[in-house]
Each structure stands twice: as structure tokens, then as C-alpha cells.
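The primary structure of each chain is shown beneath.
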Amino acid sequence: MSAKESVHFAARFAGLLLLQSSSGRDSCGKCDLALCSELTHCPAGTVLDRCGCCPECGNVEGQICDLDQGNHFYGQCGDNLECRLDADEARFGEVPEPQCVCKSQESVCGPDGKTYENICQFNMAYATRGNISVKHKGPCESAPVISMPPQDAQNFTGNDIIFGCEVSAYPMPHLEWKKKGNKMFLPGDDAHISARGGPQKYGVTGWLQIQGLKKSDEGVYICHTKNKYGATYASARLKVIDGTFVFYLDVKNTKMHK
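No experiment lies behind these values; they were computed from the predicted model shown. (Residues numbered from 1 in each chain as written. Predicted model: local features only at pLDDT ≥ 70, side-chain atom pairs only at ≥ 80, totals over all residues. Heavy atoms only, no water.)

### Points about the nonpolar core
Alright, step 1. In this structure, F163, W177 and L238 are the most contacted members of the largest nonpolar core, which totals 19 residues.
Alright, step 2. Here F163 is in contact with P150, Q151, A153, W177, G206, W207, L208, Y221, A236, R237 and L238, once residues within four sequence places are set aside. (Core = buried A, V, L, I, M, F, W, Y, C linked by side-chain atoms within 4.5 Å. Buried < 20%, exposed > 50% of the residue type's maximum accessible area, 1.4 Å probe, protein only. Contact = heavy atoms within 4.5 Å.)

### Side note on the confidence of the model for the protein
Alright, step 1. Counting all residues, the mean pLDDT for the protein is 84, and 81% of those residues have values of 70 or more.
Alright, step 2. Long-range and interchain partners of residues 1-24, a stretch whose pLDDT sits below 50, account for 26 contacts in this model, where long-range means more than four residues apart. (pLDDT = per-residue confidence, 0-100.)

### Section: the sheet that holds strand β5 (residues 108-109)
Alright, step 1. Judged by pairing direction, the sheet is antiparallel, and its three strands sit side by side in the order β6-β5-β7 without closing on themselves. Because the sheet does not close on itself, it has two edges, and the strands there are β6 (115-116) and β7 (136-137).
Alright, step 2. Here β5 runs beside β7; their pairing, made up of two bridges, is antiparallel. The partner of C109 across the bridge, within β7, is H136. (Pairing = 2+ DSSP bridges. Helix = DSSP H or I, 4+ residues; strand = E, 2+ residues; numbered from the N terminus.)

### Some remarks on the environment of T46
Alright, step 1. With respect to the helices and strands, T46 occurs in strand β1 (residues 46-48).
Alright, step 2. Measuring from C-alpha to C-alpha, the distance between T46 and Q76 comes to 9.2 Å, with 30 residues separating the pair along the chain.
Alright, step 3. Apart from the residues lying within four places of it in its own chain, the contact partners of T46 are L39, P55, E56, G58 and D79.

Below is the structure:
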């Protein structure tokens, strides 16, 4: 199905839902709030039902929704959300589905010191905790937290290994690698060691690669990170197995069994 056909199909489908919704509204009687169901948990707040009488839970971010406000087939989006078609789906020949999208994509800082991507995700996280406000707009400023530390590794001489380190913080933290017992940060002038990485939205990820392992590479490697609010580190141990000795034993055992 082409992108044009996909959009045409979505439009016809939305029109069909509109007709169904209109016929449904015609059957609405007098509004009696006493007959409305009691709502216990609505992460995205409430909207009115198809008759405009009883409150019902609004659809959350990412949930399929009705583009037309008069439709109540999939449901209406909740607080701070709006129903949109994903144009990328039509571009790739798929039938686009309307989804609830947060009206504001600005990040917010919660009272717990955690950064939320938008106000809608904050509201979902605090839906059951009463009337709690954001600490401020924009990301929370904090010392670095290592969310994914490097892991212990072992390998044979001549092979390669990679250590990874993922850090969350704002302002953007600085990340460096060091081998325990050495004063210099890596890679230094060692050609078989390389460090790379890049910034994320609110943090940084770094990798340390050691190519052509040597027995002297064995030791503890440390991921150091800091910003103006503080510093922290995490470490991992590298064990290097002598591949030449293992190969010698394999050859010796093969000859003995011939």
C-alpha cells in the first residue's frame, strides 16, 4: 500500500468512526451522575464520555486515540495530550495510527530529583500521589550517577575487549578512563588502547577498547566522571588468559590421542 493510499484509508476509517459515534450520541438519555462509574486510577486524568456526562479515564501517551473530538471508539487523550497521526508511518507505506502525544516536549524536574522527558510522563509517575508539582522546568541539576557501570571481563591474549560506562547527570558530565596503579588517564600514547564516547540527552556514554590483549593489560579499569556538582567512579577487572599456552596444550593433547 502506498503512502497516499494509507492516508486515504485512514481518512475513510476516521469517517466511519464519526458516523458510529454520531449514532451513539443519539441514544444518550438524560445525564444522571449518580449512574456514573467510580474511577480509581487515571494516570492521564479524566475526559467526558461520548454522551458528555460521565467522566472516564483519558488515554495516556502513546495510546491509540480518536482524531475527532466527537468520536469515542478508541477514546480521547488525557491532560496535556493531543491526538496526532504519525506521518512517518505513512511515509513507509504503513497505515498511520493516531496516537496521544504530549503537547509539550520540554523536560521537567520532579521533586524526587529525577528528570522526566515531559510533563505527561511526570503526571503518570505521580498520578497516585496526589497534587504534586514539578520542581522546575528543564532537567534536574545533579552530580553524576553511573547508571551502567563497566563489567568484569576476561579474554585470551591477542583478542579484543570493550568496557562501557553510562552516566546520567546535568550539566553534562566529563568521563575519563584510568587503569588502577597508573596516574595517566587512558588511552595516553598506547596505540592498542582507544577511548570513545558521546553525549546523550542528559548524560554521557563512554567506551574503552583494548585491541590485541597482552598479559600486561590485566588489571582493574576505572571509569571516572564529574561535573560541577560532584564526582564518582566505577571499576571493572580484566583477566587476560595466555592464549599461546592454551594453544600449546590443545596441540599436545591432539598428538597424544593420535
